[in-house]
Amino acid sequence: MASGPKRVVIIGAGHNGLVAAFYLAKAGFAPLVLERRGIAGGVAVTEEIHPGFLCPTLAHAAGPLLPQIWNDVQLEKQGLQIIKPEARVVALHPDGRAMRIYDDPQRTAVELAPVSAHDAKNYPKFHSSFGQLGRAIAPLLSMTPPDIDNLKMEDYFNLSKFGLKFRGLDKREAYRLLRWAPMAVADLAAEWFETELLRAVVEARGILGAFAGPRSPGTSVGLLFQAAVDGQAFLSSSFVQGGTGALTGALAKAATAAGAQIRTGAGVAQILVKDGEAAGVVLESGEDITAGFVVFTADPRHTFLKLIEPADLEPGFLMKVQAYRAVGTVAKVNFALSGLPQFTALENGSRDFSGRIHIGPDTDYLERAFDAAKYGDFSAQPYMDITIPSLGDAALAPRGAHVMSILVQYATYQLNKGEWVSRRDEFAESVLKTLSTYAPNIRELIVGRRIVTPLDLEQTYGLTGGHIFHGEHALDQLFAFRPLLGWARYRTPIKGLYLCGAGTHPGGGITGAPGANASREIIKDLKR
């Protein structure tokens, strides 16, 4: 374990912290990882929600992890297995219809043909367009955004690489990229498709985790960055056998084997700064740990406003942090079920819903769900992103039983009436009432449940404002602190203090890009 000015301390043992720890240890710097909870994994953990029932507590999609990370960590040799459902998304309508989206655009077009010849014709073009734009944007995932106020030669070089990719697009696709990024996702979906259910599935990727509705400007950017990750405009349906906790467990094992040390139950109370440089941390227990390099995986507001003395930050920078928007809108509900739900839109025995299940039939429905959050309440009829991970991994539940993982939106962090503690059951009832419309037997199957509110996300998992992305997916915040699927300003105004987090969203999957990219920047500085 290194000590003194070369010692590296990583705050938080989430997947990004573990990826960074692996690469730093592999480079010979043996970091110390400090985790406040009693278990490593952050938002990517699998925990028992009822005796014998294991469910991903927060993040229920475990990828796509960047191929380089997968290969470097040698996850296959650790027995980690990826589960790829046949259908990427199954969208349900209350009238009993179902629509399936596959990774294969031609198969999806065949699925759409009986519903709309127009949409069946347009879907392959839609898929191709986002594939091209995704490849153009992909370099952004592995580069550090420039400091607009202090551009360096490296910044010009990185931006020029993106510029070359942009110039490689034909005029039509280049125009689309410039036009779509600030566009409301409802307008983008309406340009391509006429079927409301298909529009709603497209819109869901744009609004996931955001304090915004489908008609809010800038919500199309989520689709573009999803395409940069895996060439698709829809949420990933890549799962890990054993749940997301199996992935972070494997990452922790690999980091430890490479030389990192992981301490759980070690919450950090303060980051020490001396003469403008990181000097170590103070634990909640009062223990001082000296370090010349500190990496935080917490959100910017928590780190700069709670862990660092205001006097150690420039007033202008402090004002930017205070203005950084992070108001959560997502809650998580996990059910232990005695059997498989019977969805009215799907045949009994069908396994088509082993991927994501989309609840939110049209644009107006999604917009009304957002209206509740705007006025300080949770949605009576929420948008839901559902998985049943036990369909692909029977070990998560007793024989014949299942677990259901639900991301529920909108559930605002600050309620205008009452508190989350007293309204938790009321919220769960709104989820069940909506879900019963699509699966009438759901109530009789429930043997246990776990509800994670936005307040729980803050108090238990350290996500300020209960925001699953550490901050809003807004264009004006893209160059600030939040790493949008890996794109981050890793260095901070304090020398030796680095940002490495929020490269995931429970619904969007885990890429690991921030951890890999941040470790690369830190290793450069350590070798200087």
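For the structure itself, consult the block above.
Reading the values: rules and limits
- Residues numbered from 1 in each chain as written.
- Predicted model: local features only at pLDDT ≥ 70, side-chain atom pairs only at ≥ 80, totals over all residues.
- Heavy atoms only, no water.
- Pairing = 2+ DSSP bridges.
- Helix = DSSP H or I, 4+ residues; strand = E, 2+ residues; numbered from the N terminus.
- Axes fitted to C-alpha atoms, helices over the stretch in contact; angles between N-to-C directions.
- Contact = heavy atoms within 4.5 Å.
- Core = buried A, V, L, I, M, F, W, Y, C linked by side-chain atoms within 4.5 Å.
- Buried < 20%, exposed > 50% of the residue type's maximum accessible area, 1.4 Å probe, protein only.
- Parallel < 35°, antiparallel > 145°, perpendicular 65-115°, else oblique.
- Left-handed = near helix turned anticlockwise from the far one by under 90°.
- Nonpolar A, V, L, I, M, F, W, Y, C, P; charged D, E, K, R; others polar.
- Phe/Tyr/Trp six-rings, centres within 6.5 Å; stacked < 30°, edge-to-face > 60°.
- Lys NZ or Arg CZ within 6 Å of the ring centre and 35° of its normal.
- Polar contact = N/O pair within 3.5 Å; in protein donor to acceptor, adjacent residues only side chain to side chain.
- Salt bridge = Lys/Arg side-chain N within 4 Å of Asp/Glu carboxyl O.

K.L.:
Break down the sheet that holds strand 1 (residues 8–11) for me, citing the residues and quoting the values.
P.N.:
Within a beta sheet, neighbouring strands are joined by backbone hydrogen bonds and run either parallel or antiparallel to one another. Spatially, 9-2-1-13-19 is the arrangement adopted by the five strands of the open sheet, whose pairing is parallel. The strands lining the two open edges of the sheet, one partner per strand, are strand 9 (261–264) and strand 19 (497–499). Taken pair by pair, the neighbouring strands of this sheet meet at an average axis angle of 20°, ignoring direction. Relative to strand 1, helix 1 (residues 15–26) is tilted by about 165°, and along the sheet it contacts strand 1, strand 2 (32–35) and strand 9.

K.L.:
Which residues make up the nonpolar core, and what are the values?
P.N.:
Ranked by internal contacts, the top residues of the largest apolar core, which has 86 residues, are Leu-92, Phe-126, Phe-130, Phe-343, Met-404, Ile-406 and Phe-427. The contact partners of Ile-406, leaving out residues within four places of it in the chain, are His-60, Ala-331, Lys-332, Val-333, Asn-334, Phe-335, Met-384, Asp-385, Ile-386, Val-431 and Leu-435. Leu-247, Leu-251, Tyr-498 and Cys-500 belong to the second largest nonpolar core, which has 40 residues in total.

K.L.:
Any details on the packing of helix 1 against helix 10 (residues 244–258)? Residues and values, ideally.
P.N.:
The description of two helices packed together rests on the angle between their axes and the distance between the axes. One can describe the packing of helix 1 onto helix 10 by two numbers: an axis separation of 8 Å at closest approach and a directional angle of 25°. Judged by the angle between their axes, helix 1 and helix 10 are roughly parallel. Remark: the crossing between helix 1 and helix 10 carries left-handed chirality. When helix 1 is examined against helix 10, the residues His-15, Leu-18, Val-19, Ala-21, Phe-22, Ala-25 and Lys-26 are found in contact with a partner set consisting of Thr-248, Leu-251, Ala-252, Ala-254, Ala-255 and Ala-258. For the contact of helix 1 with helix 10, a count of residues per class yields ten nonpolar, two polar and one charged.

K.L.:
Tell me what's going on with the pairing of strand 13 (residues 293–296), and back it up with residues and numbers.
P.N.:
Across the two faces of strand 13 the burial is the same, with Phe-293 and Val-295 and Val-294 and Phe-296 all buried. As defined by bridge partners, strand 13 adjoins strand 19 across three bridges and the pair is classed as parallel. In the strand pairing of strand 19, Val-295 is matched with Tyr-498.

K.L.:
Mind laying out the packing of aromatic side chains, listing which residues take part and the relevant values?
P.N.:
Scanning all chains against the criterion turns up 19 aromatic pairs. Relative to Phe-234, the ring of Tyr-123 lies with its centre 6.2 Å away and its plane at 20°, an arrangement referred to as stacked. Of this pair, Tyr-123 sits in helix 4 (residues 117–137) while Phe-234 sits in the loop between helix 9 (221–230) and strand 8 (239–240), placing them 111 residues apart in sequence. For the pair Tyr-123 and Phe-234, one class covers both residues: buried. The structure contains a cluster of three or more aromatic residues connected by ring pairs, namely Tyr-123, Phe-126, Phe-130, Trp-180, Trp-192, Phe-193 and Phe-234. The ring of Tyr-102 has Arg-107 sitting right over it, with the charged end atom 4.0 Å from the ring centre.

K.L.:
Now, about the side chain of Gln-226: what can you tell me, with residues and values included?
P.N.:
In this fold, Gln-226 is placed in helix 9. There is a polar contact of 2.9 Å between the side chain of Gln-226 and the side chain of Arg-205.

K.L.:
Outline the sheet that holds strand 15 (residues 356–359), listing residues and values.
P.N.:
Reading across from one edge, 7-6-15-16-17-14-18 is the order of the seven strands in this open sheet, with mixed pairing throughout. The sheet terminates laterally at strand 7 (98–101) and strand 18 (446–452), the two strands that pair on one side only. Adjacent strand axes in the sheet meet at a mean angle of 25°, parallel and antiparallel pairs treated alike. Here strand 6 (residues 89–92) pairs with strand 7 via four bridges, running antiparallel. Paired with Val-89 across the strands is Ile-101, a residue of strand 7. Against the sheet, helix 13 (residues 363–374) engages strand 15, strand 16 (378–387) and strand 17 (402–411), with an angle of about 120° to strand 16.

K.L.:
I'd like a description of the pattern of salt bridges, backed by residues and values.
P.N.:
On inspection of all chains with the given rule, the structure shows 22 salt bridges. Between Arg-450 and Glu-47 there is a salt bridge whose closest N-O contact spans 3.2 Å. A residue pair is termed long-range when its members are at least 10 positions apart, and Arg-450 in strand 18 and Glu-47 in strand 3 (residues 46–50) qualify at 403 residues. Of the charged contacts, one joins Lys-374 and Asp-371 as a salt bridge, the two residues approaching to 3.0 Å between their closest N and O atoms. One end of the pair, Lys-374, and the other, Asp-371, are both in helix 13, three residues apart, so they sit about a helical turn from each other. Its relative accessible area of 39% is what places Lys-374 among the partly exposed residues. Here the salt bridges share partners, and the residues they tie into one network are Lys-84, Arg-88, Asp-103 and Asp-230.

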